[in-house]
Amino acid sequence: MVLETLLPSAIAREKPHYMMLVAFLFAIVGMWLAYFIFPNSASILTIAFIVIAAEPLLRRTFMQEEDEEARKPGPASTFLERHFDLIAMYSWFFVGLVLAYMSWYIILPDMQPERCLMDGLCGEFPTRQSIFSEQERQLMSIGQLRESVSPGTGNIAFSSTGMAAGGIANGDYWGIVQFLFTNNATVLLLAILFSFLFGEGALFLIGWNASIIGTVMGKIAAQALVLSPVHDIFSIFHALLFGIYYGIGFIPHGVPEIGAYYIGAIAGGIISASMAKQTYRTNEFKTIAKDAAALIIIAVILLWVAAMIESFLWLSA
């Protein structure tokens with residue numbers, strides 16, 4: 001109740017960059033709650049706690065967006081302009097989660113130390129293994145997947161899910177494009193379904209993607225920190241900047257790919273909000289359904305563009 005009221009939806013829509021700070025705070029609270037309550041499942045439950053905290057805010061925003069869409073229907077391009085504030089909220093929330101995961105990857109120790117608040121009162125401290133175990137496992141699978149698709153490339157893929165890559169020849173550009181598009185289209189479908197069935201369920205997939213990217217950037221920053229001759233606040237700050245600089249490499253294909261997930265989530269979310277109001281037998285729902293279908297088409301086009309860019313980057317690496 002406290003966390004969900006920190007940022008009113010009206011202010012969030014007007015100043016979406018506040019969502020970055022909200023996401024950072026939610027990530028901190030989620031990590032510590034997940035670790036101390038369910039330490040063996042903290043890496044996944046952290047995202048679940050983040051979604052639980054953020055869902056009411058975004059749900060209220062979806063209801064407002066659906067009301068405005070019903071009152072002022074228009075073409076898909078106008079729809080995107082009207083709902084740019086919601087896309088911006090998703091984007092800043094995503095950035096906040098990425099920065100939170102990257103920062104905590106550097107801060108948390110590898111081994112399990114004890115932290116004493118006072119004499120006789122000591123407790124365990126979260127480690128990278130406990131908070132990032134599922135992300136590390138997924139990155140290992142992605143690395144193996146990349147090697148099977150394009151042997152010799154050592155970079156980590158942006159996509160957070162993996163599929164079998166059998167039958168793709170080394171250097172087959174369009175084969176890799178098709179493989180990436182199919183993979184990412186599956187994630188898009190899940191984002192739409194999650195958002196439709198659970199209201200804001202797509203936020204879990206978006207949070208999962210953010211945790212993967214933040215973990216990648218955190219690993220790079222941690223390596224830079226290890227190589228630093230001194231370990232002080234300035235070296236940590238330099239390592240964070242190095243991790244962010246590395247993350248810039250995700251922008252060319254990451255922007256259209258993640259943007260497609262946002263648009264798909266919005267399409268599913270406004271339909272879910274409309275059905276919650278029981279307007280599915282009215283002209284209002286027909287208008288919203290048509291605009292949502294147009295948005296899904298836009299999302300599919302963005303995914304195809306992202307797959308073409310990422311395939312080129314794979315083969316040129």
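Structural data are supplied above this passage.
Just so you know, these numbers come straight off a predicted model, no measurement behind them. (Residues numbered from 1 in each chain as written. Predicted model: local features only at pLDDT ≥ 70, side-chain atom pairs only at ≥ 80, totals over all residues. Heavy atoms only, no water.)

A. Structural detail: the overall build of the protein. A tally of regular secondary structure across the protein gives 11 helices and 2 strands. Tracing the protein from N to C terminus, the helices and strands come up as α-α-α-α-α-β-β-α-α-α-α-α-α. Considering only contacts in the protein between residues 6 or more positions apart, those separated by 24 or more positions represent 73%. When the accessible surface of the protein is totalled, it reaches about 15,100 Å², and 68% of it is carbon and sulfur. (Helix = DSSP H or I, 4+ residues; strand = E, 2+ residues; numbered from the N terminus. Contact = heavy atoms within 4.5 Å. Areas by Shrake-Rupley, 256 points an atom, 1.4 Å probe, with all protein chains shown as cover.)

B. Main features of the pattern of salt bridges. Under the criterion given, the structure shown has 2 salt bridges. Between Lys219 and Glu136 there is a salt bridge whose closest N-O contact spans 3.2 Å. Residue Lys219 is located in helix H8 (residues 202–227), and its partner Glu136 is located in helix H6 (residues 128–149); the two are separated by 83 residues in the primary sequence. Taking the relative accessible area as the measure of exposure, Lys219 reaches 25% and is therefore partly exposed. For Glu136, a relative accessible area of 24% translates into the label partly exposed. (Salt bridge = Lys/Arg side-chain N within 4 Å of Asp/Glu carboxyl O. Buried < 20%, exposed > 50% of the residue type's maximum accessible area, 1.4 Å probe, protein only.)

C. Representation of the packing of aromatic side chains within the structure. Applying the stated criterion to the full structure yields 11 aromatic pairs. Ring centres 5.0 Å apart and planes at 80° place the aromatic pair Tyr173 and Trp174 in the edge-to-face group. Judged by relative accessible area, Tyr173 falls into the partly exposed class, the value being 22%. Judged by centre distance (5.2 Å) and plane angle (75°), the ring pair of Phe181 and Trp304 falls under edge-to-face. (Phe/Tyr/Trp six-rings, centres within 6.5 Å; stacked < 30°, edge-to-face > 60°.)

D. Examining the nonpolar core more closely. Counting 74 residues, the largest nonpolar core has Met19, Tyr90, Phe93 and Phe94 as its most contacted members. For this core, the element with the highest residue contribution is helix H5 (residues 84–107), accounting for 14 residues. With 6 residues, the next largest nonpolar core counts Ile176, Val177, Phe179 and Trp314 among its residues. (Core = buried A, V, L, I, M, F, W, Y, C linked by side-chain atoms within 4.5 Å.)

E. Structural context of a nonpolar patch on the surface. Together, Leu189, Leu193, Phe196, Leu197, Phe198 and Met275 line one region of the surface with nonpolar side chains, adding up to about 570 Å² of accessible area. Sorting elements by how many residues they give to the nonpolar patch places helix H7 (residues 173–198) first, with 5 residues. Along the chain, the position of Leu189 falls in helix H7. (Patch = residues over 30% accessible without salt bridge, like charges linked within 9 Å, V, L, I, M, F, W, Y side chains within 5 Å.)

F. How the structure looks around H5. For H5, which comprises 24 residues, the first-to-last C-alpha distance of 34 Å matches the rise-based estimate of 34 Å (1.5 Å per residue) to within 8%. Across the 24 residues of H5, 18 count as buried, placing the element largely inside the fold. (Expected span 1.5 Å × (residues − 1).)

G. Region of the structure containing the packing of H5 against helix H9 (residues 233–247). Contact geometry of H5 with H9 gives a least axis separation of 11 Å together with a crossing angle of 135°. Considered as vectors, H5 and H9 are oriented oblique to each other. The handedness of the crossing between H5 and H9 comes out as right-handed. Across the interface between the two elements, Leu99, Met102, Ser103 and Ile106 of H5 pack against Ile236, Ala239, Leu240, Gly243 and Ile244 of H9. Class assignment for the residues of the contact of H5 with H9 results in 7 nonpolar, 2 polar and no charged. (Axes fitted to C-alpha atoms, helices over the stretch in contact; angles between N-to-C directions. Parallel < 35°, antiparallel > 145°, perpendicular 65-115°, else oblique. Left-handed = near helix turned anticlockwise from the far one by under 90°. Nonpolar A, V, L, I, M, F, W, Y, C, P; charged D, E, K, R; others polar.)

H. Inspection of the environment of Leu227 at higher detail. Assignment of secondary structure puts Leu227 in helix H8. Overall, Leu227 belongs to the exposed group, its relative accessible area being 73%. Remark: the alpha-carbon pair of Leu227 and Ala239, spanning 12 residues in sequence, is separated by 9.7 Å.

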